[in-house]
Amino acid sequence: MDRRERLALTLGAAVADRQPWTRFLRLCCDLVGLSYANLIFRRGPRRSVDAEFSAGGTVTPAMKQRYRSQFAMVDPVHYFAMEPGRVYRLPELLRTGRASDHPYYQDFLAPAGIGHMLSARIVDEEGETAWLSWCRDAGQADFQDEGVALFRSLLPHVAVALRSFVLIDRQRVQAAIARHVSTRFDMAAVALTASGKIVGVGPLAASLLTRNGGVTISQDGYLRVGDAAGQRRLSDAIALVLASGHSRALLVDLAGERIEMLLVPFGAQEGYGAARPDLVLYLRREREASGAGSDVRQSLGAMFGLTPVEADIALGLAAGRTMTAVAGDLHLSEHTVRSYSKAIYAKLGVKRQVDLVRMLLITVAPLA
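Treat the numbers as computed from the prediction; the structure is a model and nothing was measured.

### Describing the overall build of the protein chain
Each helix and strand in the protein chain was counted, giving 13 helices and twelve strands. By the burial criterion, 39% of the 368 residues in the protein chain qualify as buried. Restricting to contacts in the protein chain with at least 6 residues of sequence separation, those with at least 24 account for 54%. A total accessible area of about 19,800 Å² is found for the protein chain, and carbon and sulfur atoms account for 55% of it.

### Some points on the nonpolar core
Counting 33 residues, the largest nonpolar core has Leu7, Leu25, Leu34, Phe41, Leu132, Trp134 and Phe151 as the members making the most contacts within it. Sorting the residues of this core by element identifies α2 (22–32), β1 (36–42), β2 (51–55), β4 (116–123), β5 (129–136) and α6 (145–184) as the ones contributing at least two each. Here this core takes ten residues from α6, the largest share from any one element. With residues near it in sequence (within four places) discarded, Leu7 still touches Phe24, Leu27, Cys28, Leu31, Val32, Trp134, Leu150 and Leu154.

### Quick notes on helix α10 (residues 308–318)
Taken residue by residue, α10 has Glu310, Ala311, Ile313, Ala314, Leu315, Gly316 and Leu317 as its buried positions. Phi for Gly320, located one or two positions after α10, is positive at around 90°.

### A word on the pairing of β4
A large share of β4 lies buried, amounting to seven of its eight residues. Here strand β3 (residues 87–89) pairs with β4 via three bridges, running antiparallel. Of the residues in β4, the one forming a bridge with Tyr88 is Ser119. Here β4 pairs with β5 via eight bridges, running antiparallel. When the sheet's bridge partners are listed, Met117 is paired in β5 with Cys135. Hairpin geometry of β4 and β5 is characterised by an intervening segment of five residues between the two adjacent antiparallel strands and by a positive phi of about 90° at Gly127.

### Focus: the packing of helix α11 (residues 323–330) against helix α12 (residues 334–348)
Direction vectors running N to C along α11 and α12 enclose 105°, while the axes themselves pass 9 Å from each other. Judged on the interaxial angle alone, α12 and α11 are roughly perpendicular. Across the interface between the two elements, Met323, Thr324, Val326 and Ala327 from α11 touch Glu334, Val337, Arg338, Ser341 and Tyr345 from α12.

### A look at the packing of α10 against α11
Packing of α10 against α11 leaves a shortest axis separation of 10 Å and a crossing angle of 135°. As the angle between them shows, α10 and α11 are arranged oblique. α10 and α11 meet at a crossing whose hand is right-handed. Residues Asp312, Ile313, Gly316 and Leu317 of α10 lie in contact with α11, whose contacting residues are Met323, Val326 and Leu330. Of the residues in the contact of α10 with α11, the class split is five nonpolar, one polar and one charged.

### Description of the pairing of strand β6 (residues 188–192)
Most of β6 is tucked away, with four of its five residues classed as buried. Connecting β6 to the antiparallel partner strand β7 (residues 198–201) that follows it, the hairpin turn spans five residues, and Gly196 within it adopts a positive phi of roughly 90°.

### Quick word on the confidence of the model for the protein chain
Summarising the model, the protein chain shows a mean pLDDT of 81, and 82% of its residues fall at 70 or more. Predicted confidence in the protein chain is weakest over helix α7 (residues 203–211), with a mean pLDDT of 65, and strongest over β3, with 96. Across residues 288–292, confidence stays below pLDDT 50; counting only partners more than four residues off in sequence or on other chains, it has three contacts.

### Quick look at the side chain of Arg121
Within the secondary structure, Arg121 sits in strand β4. Despite being buried, Arg121 has no salt bridge partner; Glu83 is the closest side chain of opposite charge, sitting 9.2 Å away. Of the polar contacts made by the side chain of Arg121, one reaches the backbone oxygen of Phe80; its length is 3.1 Å. In this structure the side chain of Arg121 is engaged in a polar contact, spanning 2.9 Å, whose partner is the backbone oxygen of Met82.

Definitions and limits used
- Residues numbered from 1 in each chain as written.
- Predicted model: local features only at pLDDT ≥ 70, side-chain atom pairs only at ≥ 80, totals over all residues.
- Heavy atoms only, no water.
- Helix = DSSP H or I, 4+ residues; strand = E, 2+ residues; numbered from the N terminus.
- Buried < 20%, exposed > 50% of the residue type's maximum accessible area, 1.4 Å probe, protein only.
- Contact = heavy atoms within 4.5 Å.
- Areas by Shrake-Rupley, 256 points an atom, 1.4 Å probe, with all protein chains shown as cover.
- Core = buried A, V, L, I, M, F, W, Y, C linked by side-chain atoms within 4.5 Å.
- Pairing = 2+ DSSP bridges.
- Axes fitted to C-alpha atoms, helices over the stretch in contact; angles between N-to-C directions.
- Parallel < 35°, antiparallel > 145°, perpendicular 65-115°, else oblique.
- Left-handed = near helix turned anticlockwise from the far one by under 90°.
- Nonpolar A, V, L, I, M, F, W, Y, C, P; charged D, E, K, R; others polar.
- pLDDT = per-residue confidence, 0-100.
- Lys, Arg positive; Asp, Glu negative; His and termini not counted.
- Salt bridge = Lys/Arg side-chain N within 4 Å of Asp/Glu carboxyl O.
- Polar contact = N/O pair within 3.5 Å; in protein donor to acceptor, adjacent residues only side chain to side chain.

Shown next, in the form of structure tokens:
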């Protein structure tokens, strides 16, 4: 296996590395005799770096900090003007006849141990961009035709790495958003097959399955809910959801807790292979009718201009409490609550308690 094949294979496998692409860059240094190798990913026409991987000892963390603090704004290289797929040498990047005559070379590159460089810009169909750079110090020989050809032959593989980076990074962001939303809604999720076998468990669900003895995972990977009667109820609900294509809600008592369950058909048809779920089970402890926290009160105040007392009354009324009950909860007179309610309705633009309930249900305040 020649150098190009070894480097290409290493780059192709880099997506699975615990330190992505670093092993590839180290192999570049070893096989080609580099002092430093660098791979940068960026999104859109920005100077900020989304991800950077490097190998070689010349550009130390202290040197990178020196670049960010002193040289980033005077860097003469027009990175986004580089023609995609073209290999550039250092004089071309600095736009000078001899790199060593350029002040940037003298002040930063030479002290960083960079005397020779090959660099290329790779752009995918969505405009995402990567740069691969190979460097040698001034005491080493410049890159010859063979080295340039080897560098150029790797660029298609870097394009694959760029696409992998973008897709994985996008999935990470989507997963983070999903975790954030599920946490805010206190909603756990378990992906199931038609037979009740678990093919995916969200972080809140993992916690619930560990803590609540009524909802467990069997040794063979199936969801177990309560006793035999509870299991039959879940199985019947799964069958009904799959047959009808409509969601179904359940409220069950498990290990001393009342658990809300919602079974939803899984709509995605592609990209899941053998692990594709048939439906998703959402679980949540039954919420207290008046279980809104101080964050929700503050959010209601900010959104609608409610005072703390008005927010408390609004939450009580939205939970279905009567004026008398809200007055007792807050140690106010019923007359005071009725007076406040008029101001609340005016600020929210509603006329009745049912409209107030509907308004608060559709706000983002509970996500605060």
